[in-house]
Amino acid sequence: MSRRLVSTLLLLPLLACTATPAPGRPLERSGDEISVCGQLFHTGTPVVLWNDPGGYSAYRATRRFTPVPDGEPTDKQLYGTRTTDDEKLAARVEARGWTLEDLRHVVKQFVIHYDQCGTSLGCFRVLEQRGLSVHFMLDLDGTVYQTLDLKERAWHASQANSAAVGVEVANVGAYTQPVHHILKAWYADDSGGVRVQFPKWIKDSGLRTKGYVPRPARPDILSGTIHGKQYWQYDFTDAQYEALAKLSAALHQVLPAIRLEVPRDTDGSILKRALTPEELADH
């Protein structure tokens, strides 16, 4: 066999990998990507985008779940445009739209909420009804739903919206009484310990993982003091913790100004009160 033929045969696998795909050939997602300025980035955890089957879209011009109240426009937008004090950057964005590099100069926070709705399906219904939005929702089974590209300003964190990415973690919430009627309606004990039980009025949980039984990562009810008041709630699920960790790591890699840290007091403890405007700006 000639040297030229051997060289050609060795190059064939490389050419096959680097060749431009044929026109019309579909490019499949692996199912763990988030979208930032139109680019897809892997997270290592299941992600459902707004344009995927079963996804939740804050881009929809018409309401998906709730009727529009009388007097409101039927195409009310559920998101806005990020703003910046940098006049040159603002002019670039106005002229050409957001690039990833420009977005990296603006987005600096990851705001983590619990949704107080119990499921991502319920959360999206409420957001839609209230004319609000959030970039991500994290369901009980660890499924991440992205409702908007991160270049958009979602409406979830008041004055922090332009600089923030937000996620709503499915959990029915915290209450000032450990035997609150909502907690009693949403949690029960069985042979495996404490689990989420969906109230009878929930006809569809929306969970994508069939047969999944959501259980708090720590079985005992948790308590803590926030803003001077004591609250009780049940923990998030192990699946939620794992997905949130991977999503946070991916966001830090894509948008490095989002640091993997939380606001702390002067003694190093996590703050249990609202940040002052100065502390928020510094963080």
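You'll find the structure just up there.
Notes on the structure in this doc start here. Residue indices follow the written sequence of each chain, beginning from 1 at its first position. Selection of residues for local features in this predicted model requires a pLDDT of at least 70, selection of side-chain atom pairs for listing and counting requires 80 or more, and totals for whole chains, interfaces and linings are taken over all residues. Just so you know, side-chain values use all the structure's heavy atoms and leave hydrogens and water out.

Each helix is a run of H or I in the DSSP string that is no shorter than four residues. Each strand is a run of E no shorter than two, and both are numbered from the N terminus. Inspection of the secondary structure puts Asp115 in the loop between β5 (109-114) and α4 (120-130). Arg130 is the oppositely charged side chain nearest to the buried, salt-bridge-free Asp115, at an N-O distance of 11 Å. Think of a polar contact as two N or O atoms within 3.5 Å of one another; within protein, one of them needs to be a possible hydrogen donor and the other a possible acceptor, and neighboring residues in sequence only count if both atoms come from side chains. A polar side-chain atom of Asp115 sits 3.0 Å from the main-chain amide nitrogen of Gly118. Discounting chain neighbours no more than four positions away, the residues touching Asp115 are Ser120, Cys123, Glu168, Val169, Ala170 and Asn171. Burial status follows relative accessibility: with a 1.4 Å probe on protein chains alone, a residue under 20% of its type maximum counts as buried, one over 50% as exposed, and anything between as partly exposed. By the counting scheme adopted, Arg and Lys are positive, Glu and Asp are negative, and His together with the chain ends is not counted. What counts as a salt bridge is simple: a side-chain nitrogen of Lys or Arg found within 4 Å of a carboxyl oxygen of Asp or Glu. Any pair of residues with heavy atoms lying within 4.5 Å of one another is described as a contacting pair.

Put simply, a nonpolar core is a bunch of buried Ala, Val, Leu, Ile, Met, Phe, Trp, Tyr and Cys residues held in one set by side-chain atoms that sit within 4.5 Å of each other. Formed by 30 residues in total, the largest nonpolar core has its most connected members in Val36, Phe136, Val165, Leu251 and Leu255. At the level of secondary structure, the elements contributing two or more residues to this core comprise β1 (33-36), β3 (47-49), α2 (87-96), α3 (100-104), β6 (136-138), β9 (164-169) and α6 (238-254). If you tally residues by element for this core, the top one is α6, at five residues. Those residues in contact with Phe136, other than ones at most four positions away along the chain, are Ile34, Val144, Tyr145, Gln146, Leu150, Val165, Gly166, Val167, Glu168, Leu247 and Leu251. The next biggest cluster of nonpolar side chains, apart from the first, holds 12 residues, and it includes Tyr175, Leu183, Tyr187 and Leu207.

A pair of strands is considered paired only if DSSP assigns at least 2 bridges between the two. Spatially, five strands are ordered β3-β7-β6-β9-β5 in an open sheet, and the strand pairing comes out mixed. Whereas interior strands pair on both sides, the edge strands pair on one side only; in this sheet they are β3 and β5. Averaged over all pairs of adjacent strands, the angle between strand axes in this sheet comes to 20°, irrespective of strand direction. Inspection of the sheet shows β3 paired to strand β7 (residues 144-146) by three bridges, in the parallel sense. Structural elements are reduced to axes, namely lines fitted to C-alpha atoms, with helices fitted over the stretch in contact, and the angle between N-to-C directions of any two is expressed from 0 to 180 degrees.

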